[in-house]
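Summary of structural features
Take a look at the letters that make up each chain.
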Amino acid sequence: MLSPDGRRLRLLDQRALPGQEQWIDYDDVESVAQAIETMVVRGAPAIACAAALGLSAASHGFGDDPAAVRAAIEAGCARLANTRPTAVNLFVALAQIREAIAAAPADADAGQLRSVLHDTAQRHVDDDLASCLAMGDHGAPLLPQGGTILTHCNAGALATAGYGTALGVIRSAHAQGRAITVLADETRPVLQGGRLTAWELARDGIPVEVITDNMAGALMARGQVQAAIVGADRIARNGDVANKIGTYTVAVLCKHHGLPFYVAAPWTTIDLDIPTGAEIPIEERRGDEVRRPAGVLTTPADIPVRNPAFDVTPAALVTAIITERGVFAPHALADAG
Ligand code: MRU
């Protein structure tokens, strides 16, 4: 969110949750970019919202020369685009900003350009929240009454402008009295499930239990999971879904056990320019996330590790994609777009 005077971006530091709730203020592009890279803020829609609002806040330091303001907005977009490559929402938000600034009158002064930037950023945020609420309406009826629903990573209020995508559907189902319990995969290596999903669902009074990622199959085999629902970072034209590493494993397990595997994502996550999941860029993060979970060395420091941050779930494993426009079979996205 922005400070009341619009000059600072305020982010809840997600690295410190659930232990501490600390907010950090940002007023320049480089520090916003680093906040995204280091995952102070994370989750596809939230990254886009933070980049857009952060650029708006930073623009108060761009001076009063309109040409210089336009150039600084462009440079800011370029820096922010170079933070995390997989989630497409960031690129959608930056394209909206570039387009709005390009469409501003040629004689717009610096203040008018800042207003265009601010309004475009705020619209992106408002649209994301509205999308999450609509996804909740569309998706809630799919979740079985009294069922236990597995989720992976955090696709909640923390990962969006608010309410969440997968967790938004869960919130709506809970509000409708469907008596669901959530199983949150811990989500190695950054532990978004154990740290963030559990934290935000508990605050809303939604029953949640955390499991380590390798427990899901055993619980499905015992009949203790009825469905899985996850968010997405980018969905290709053919319905392949990039999401947090480990999502593919969950989808395979669901297929094996005959369970529905749902993906909830706003339309801004669907990238119709990318034909299949194979073309989605997958971010590789630093090895110490794997070697030192929560700062404790658990792997010999000199042993190489692998750390792809996302994987691709083939469309064939996805039961349905829940969007603000309704519920789609994965292969039907292209025609709907
Ligand atoms: O690396 P992260 O924490 O940014 O990854 C987040 C995810 O993979 C989420 O599931 C996805 O962005 C959807 S959030 C609504």
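My aim in this report is to walk through the structure given alongside it, one point at a time. In this text the structure is predicted, and so the values were computed from the model without any measurement.

1. Some words on the site of the ligand
Every one of the 18 residues lining the ligand counts as a neighbour, but A44, R84, D233, N243 and K244 are closest to it. In the model, an oxygen atom of the ligand is placed 2.9 Å from a nitrogen or oxygen of the G43 main chain. Here an oxygen atom of the ligand and a side-chain polar atom of R84 are 2.8 Å apart. Bound to the protein, the ligand loses 100% of the 420 Å² it would expose on its own. Broken down by class, the residue content of the shell around the ligand amounts to 8 nonpolar, 6 polar and 4 charged.

2. Remarks on the pattern of salt bridges
Enumeration over the complete set of coordinates arrives at 17 salt bridges. Salt-bridge contacts for D25 lead to R8; the nearest nitrogen and oxygen are separated by 3.1 Å. Of the two residues, D25 sits in strand β2 (residues 23-26) while R8 sits in the segment before β1 (9-12), which places them 17 residues apart along the sequence. Residue classification places D25 among the partly exposed positions, given a relative accessible area of 32%. The exposure class assigned to R8 is partly exposed, which follows from its relative accessible area of 28%. Note that E37 is salt-bridged to R79, the shortest N-O span being 3.0 Å.

Analysis parameters
- Residue numbering note: each chain is counted from 1, following its sequence as written.
- Two thresholds apply to this predicted model, a pLDDT of at least 70 for residue-level local features and 80 or more for giving and counting side-chain atom pairs, whereas whole-chain, interface and lining totals are computed over all residues.
- Only hydrogens and water are set aside when side-chain values are computed; all heavy atoms of the structure are taken into account.
- In this text, near means that some heavy atom of the residue lies within 4 Å of the molecule or strand in question.
- Polar contacts here mean pairs of N or O atoms no more than 3.5 Å apart (in protein, one a potential hydrogen donor and the other a potential acceptor; neighbouring residues in sequence count only if both atoms are side-chain atoms).
- Here the Shrake-Rupley method, with its probe set to 1.4 Å, supplies the accessible areas, and only the displayed protein chains count as covering residues.
- Think of it as three bins: nonpolar holds Ala, Val, Leu, Ile, Met, Phe, Trp, Tyr, Cys and Pro, charged holds Asp, Glu, Lys and Arg, and polar takes everything else, Gly as well.
- A side-chain nitrogen of Lys or Arg and a carboxyl oxygen of Asp or Glu constitute a salt bridge if their distance falls within 4 Å.
- Strands are runs of DSSP state E lasting at least two residues, helices are runs of H or I lasting at least four, and both sets are numbered from the N terminus onward.
- Each residue gets one of three labels from its accessible area relative to the maximum for its type: buried under 20%, exposed over 50%, partly exposed in between, using a 1.4 Å probe on protein chains only.

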